[in-house]
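Notes for the structure review
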Amino acid sequence: MSRLAIDHEYLLSVLEKMLHIPSPTGFTDSIVRFVTSELERHGLTVEMTRRGAIRAIRPGKREAGARAIVSHLDTLGAQVKYLKDNGRLEVVSIGHWSARFAEGARAEVFTESGSYRGTILPLKASGHTYNDEVDKMPIGWENVEFRIDALARDKADIERLGIEIGDIIAIDPQPEFLDNGFIVSRHLDNKAGVAVMLAALKALQDEEVETPVDIHFLFTIAEEVGVGASSVLTHNIASMITVDNGTTAPGQNSDEFGVTIGMADQTGPFDYHLAKKLASLCRENEIRYQKDIFKYYRSDSASAIEAGADVRTALITFGVDASHGYERIHTHALRSLAELITAYVVSPVMIKRDFKETSGVKGFTRQPTGEAEQDLSPDIEDKELSE
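Let us look at the structure shown here. (Residues numbered from 1 in each chain as written. Predicted model: local features only at pLDDT ≥ 70, side-chain atom pairs only at ≥ 80, totals over all residues. Heavy atoms only, no water.)

Each packed pair of helices is defined by two parameters, the angle between the axes and the distance between the axes. Between helix α2 (residues 29-41) and helix α5 (residues 188-207), the shortest axis-to-axis distance is 11 Å and the interhelical angle comes to 15 degrees. By the angle between their axes, α2 is roughly parallel relative to α5. Where α2 crosses over α5, the handedness of that crossing is right-handed. Taken together, the residues of α5 that come into contact with α2 (itself represented by Ile-31, Val-35, Glu-38 and Leu-39) are Lys-191, Val-194, Leu-198 and Leu-201. When its residues are assigned to classes, the contact of α2 with α5 shows six nonpolar, no polar and two charged. (Axes fitted to C-alpha atoms, helices over the stretch in contact; angles between N-to-C directions. Helix = DSSP H or I, 4+ residues; strand = E, 2+ residues; numbered from the N terminus. Parallel < 35°, antiparallel > 145°, perpendicular 65-115°, else oblique. Left-handed = near helix turned anticlockwise from the far one by under 90°. Contact = heavy atoms within 4.5 Å. Nonpolar A, V, L, I, M, F, W, Y, C, P; charged D, E, K, R; others polar.)

Within the structure shown, the criterion is met by 20 salt bridges. Here Lys-84 makes a salt bridge to Glu-145, at a shortest N to O gap of 2.8 Å. Separated by 61 residues along the polypeptide, Lys-84 in the loop between β4 (77-83) and β5 (89-94) and Glu-145 in strand β8 (residues 144-148) bring together distant segments of the chain. Each member of the pair Lys-84 and Glu-145 is classed as buried. (Salt bridge = Lys/Arg side-chain N within 4 Å of Asp/Glu carboxyl O. Buried < 20%, exposed > 50% of the residue type's maximum accessible area, 1.4 Å probe, protein only.)

What follows concerns the environment of Phe-219. Structurally, Phe-219 can be placed in strand β12 (residues 215-220). C-alpha separation for the pair Phe-219 and Asn-285, spaced 66 residues apart in sequence, amounts to 26 Å. Setting aside anything within four residues of it in sequence, one finds Phe-219 in contact with Val-35, Leu-39, Ala-53, Ile-54, Ser-71, Leu-73, Val-194, Met-197 and Leu-198.

This part takes up α2. Under the 1.5 Å per step criterion, the end-to-end length of α2 is 18 Å for 13 residues, consistent within 8% with the ideal 18 Å. Along α2, the residues that are buried comprise Ile-31, Val-32, Phe-34, Val-35, Thr-36, Glu-38 and Leu-39. On its buried side, α2 packs onto α1 (8-19), β1 (46-48), β2 (54-58), α5 and β12. Gly-43 occupies a position one or two residues after α2 and carries a positive phi of about 95 degrees. (Expected span 1.5 Å × (residues − 1).)

Next up on the list: the packing of aromatic side chains. Applying the stated rule across the entire model yields four aromatic pairs. Relative to Trp-141, the ring of Trp-97 has its centre 4.9 Å away and its plane inclined at 70 degrees; by these criteria the two rings are edge-to-face. In this pair, Trp-97 sits in the loop between β5 and β6 (106-111) while Trp-141 sits in the loop between α3 (127-130) and β8, placing the two residues 44 residues apart along the sequence. The pair Trp-97 / Trp-141 is uniform in exposure class, with both members buried. Here the basic side chain of Arg-62 rests over the ring of Phe-355, its NZ or CZ set 3.7 Å away from the ring centre. (Phe/Tyr/Trp six-rings, centres within 6.5 Å; stacked < 30°, edge-to-face > 60°. Lys NZ or Arg CZ within 6 Å of the ring centre and 35° of its normal.)

Turning next to the nonpolar core. If you look at the biggest cluster of nonpolar residues, it comprises 61 residues, and the most contacted ones within it are Val-35 and Phe-219. Sort the elements by how many residues they give to this core and α5 lands first, with twelve residues. (Core = buried A, V, L, I, M, F, W, Y, C linked by side-chain atoms within 4.5 Å.)

The next thing to look at is the environment of Asn-253. When you line up the elements, Asn-253 lands in the loop between β13 (237-248) and β14 (259-265). As for Asn-253 and Phe-355, which are separated by 102 residues in sequence, their C-alpha atoms are 34 Å apart. Sequence-distant contacts of Asn-253, that is, excluding residues within four places in its chain, are made with Gln-290, Lys-291 and Asp-292.

Encoded structure:
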């Protein structure tokens, strides 16, 4: 076995801290600073892009053929679209999520002069006023508004508060860490993935493990709007594993326990050989796992490939119920993911050709194409011979 012991208390502690740091796409400076401080506390030097994507390299035996582990720091949120004459705010979503899950959410709008608390409500929110019309409101962002917890009776009052079109709104996470291991919160996508990476890094540092190649710990800031890992990879990286959520729902094979390996998303299959290796490592290290395919899903891996990165990509996920809503996960999956990361980064590099960006066909991979041998039981063989 090559998996390492994971500091479970640290994983949950750092997750809880991050959940309380607002970080909708476009408003990620605070979470970037927090994760940077954690990486430095674990002994890594941090590099940042202009906009704040993070790269921290843990040196291995060689730079070429490096492995990257990637999560995104940004979450869903909202933005002020219009200052309404009734003293409330029209809002639009940041990222793809239903206004159904915004109704009733406590939230905070950030202005240049400071923040204001408030609630996202349906346009008809009072049963005492609208009777059963409150149950007939259609679902949609045009049918909700942000009620500011400040003196705001009309548009002029909003302007005096300093609230402007384009201001960012962060949705309260409302986290609950239950004694049975379940965690319920908004924004587990992908604060949980970040916590998994930090816990895996801590295990590597605590054990002073040497890896065969450099390991790039990457944290992106705009995955929820499709940008993701488009500008944080270097040419040394040969393979990239994205850590994100997998959807547990009818018709899906994801689970809130163990690792769920994504085999494909809406952009197509992940790398055959890398996904196969991850499944093998789970078996060798007795890590529970299952595989799944996500039809309406994309991740940092897609962003990297679409940006032109020639890297092998794979997706490992923690099963999440009600993704992009009131999400629920289990700590078993988080620990399993961290264990798999540690097993992967210490494993030997099998595709030596990947040390170079380009080369000839020598050493190129082979996928199985031969006919499978069927091991039939004796009674089936006898039946076939008698027919």
